[in-house]
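Residue-level listing of the chains:
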Amino acid sequence: LGLEVEDSELSSKLEDKLATAQSEATSVVQDKIAISERMLKISAWDDARSALSTAVELLPALQTVQTAATQQLVVTVRDSMAYAEASNDGENGEKHMREKDFESAASSFKAGLNRNQQRDQTLNDRLQSSLDAAIAAKLEQDTACERVKGLLQEAEALVEDDDTLDAAITAFEAGLALRSA
């Protein structure tokens, strides 16, 4: 059934309602961007993401409006969300570094870099240098662990012989010193 309804008054009302809804969506997105900007300035990443999530839900409605201003809002929301998530990943990575969990730190820094945020190049630079530091620290940690294992084996072999007991104790102490360093 192909029904054609030629009602200019109805069409006009629909267009007006659509324009009103899109205007309200634009206003809400602008408000959420403003809130997220304030949250980003104080490093409240979760609050910024929450505000931006509401804006993201409205993006499909805005993408149908082909104006430069609304398209810029879409870009701003996406950029801000990537920035908030990358910043949060960086903070998580730093927490893992303090805990000497270098593998998790490297994963967090990589995740931050993979957000492809374009808002702040210094954030990308910081994430990259932190990733490099985490990888180097993990390598150093692994090397030290291998050295401790080698000293343990050496000391265990020396314990077998009463004449080398002093050397065994020295090797055990060296291994313990490396482990706690």
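Notes on the structure follow. (Residues numbered from 1 in each chain as written. Predicted model: local features only at pLDDT ≥ 70, side-chain atom pairs only at ≥ 80, totals over all residues. Heavy atoms only, no water.)

### Details of the overall build of the protein
So the rule is basically this: Strands are runs of DSSP state E lasting at least 2 residues, helices are runs of H or I lasting at least 4, and numbering of each runs from the N terminus. Partly exposed residues are those whose accessible area sits between 20% and 50% of the maximum for their type, while under 20% is buried and over 50% is exposed, using a 1.4 Å probe and protein chains only. Contacts are residue-level and defined by heavy atoms, with any inter-residue pair within 4.5 Å sufficient. Under the convention used here, a 1.4 Å probe and the Shrake-Rupley method define accessible areas, while residue burial counts only the protein chains that appear.
Looking only at helices and strands, the protein features six helices and zero strands. Ordered by position from N to C terminus, the α and β elements of the protein give α-α-α-α-α-α. Considering the protein as a whole, with its 181 residues, one finds that 30% of them fall into the buried category. Expressed as a percentage of contacts within the protein between residues at least 6 apart in sequence, the contacts between residues at least 24 apart total 55%. Taken as a whole, the protein presents about 11800 Å² of accessible surface, with 52% of it coming from carbon and sulfur.

### Structural notes on the packing of helix α3 (residues 68-98) against helix α4 (residues 102-114)
Put simply, the test is: Every axis corresponds to a line fitted to the C-alpha atoms, with the helix fit spanning only the stretch in contact, and the corresponding angles, defined between N-to-C directions, vary from 0 to 180 degrees. In this scheme, roughly parallel covers angles under 35 degrees and roughly antiparallel covers those over 145, while 65 to 115 is roughly perpendicular and the rest are oblique. It is the rotation of the near helix from the far one that decides the hand of a crossing: anticlockwise by less than a right angle makes it left-handed, clockwise makes it right-handed. Ten residues, namely Ala, Val, Leu, Ile, Met, Phe, Trp, Tyr, Cys and Pro, are considered nonpolar, four, namely Asp, Glu, Lys and Arg, are considered charged, and the remaining ones, Gly among them, are considered polar.
Contact geometry of α3 with α4 gives a least axis separation of 8 Å together with a crossing angle of 165°. One element, α3, and the other, α4, form an angle in the roughly antiparallel class. Handedness of the crossing formed by α3 with α4: left-handed. Every residue of α4 that contacts α3 at Ala86, Asp89, Gly90, Asn92, Gly93, Glu94, His96 and Met97 is listed here: Phe102, Ser104, Ala105, Ser108, Phe109, Ala111 and Gly112. Residues of the contact of α3 with α4, tallied by class, amount to six nonpolar, seven polar and two charged.

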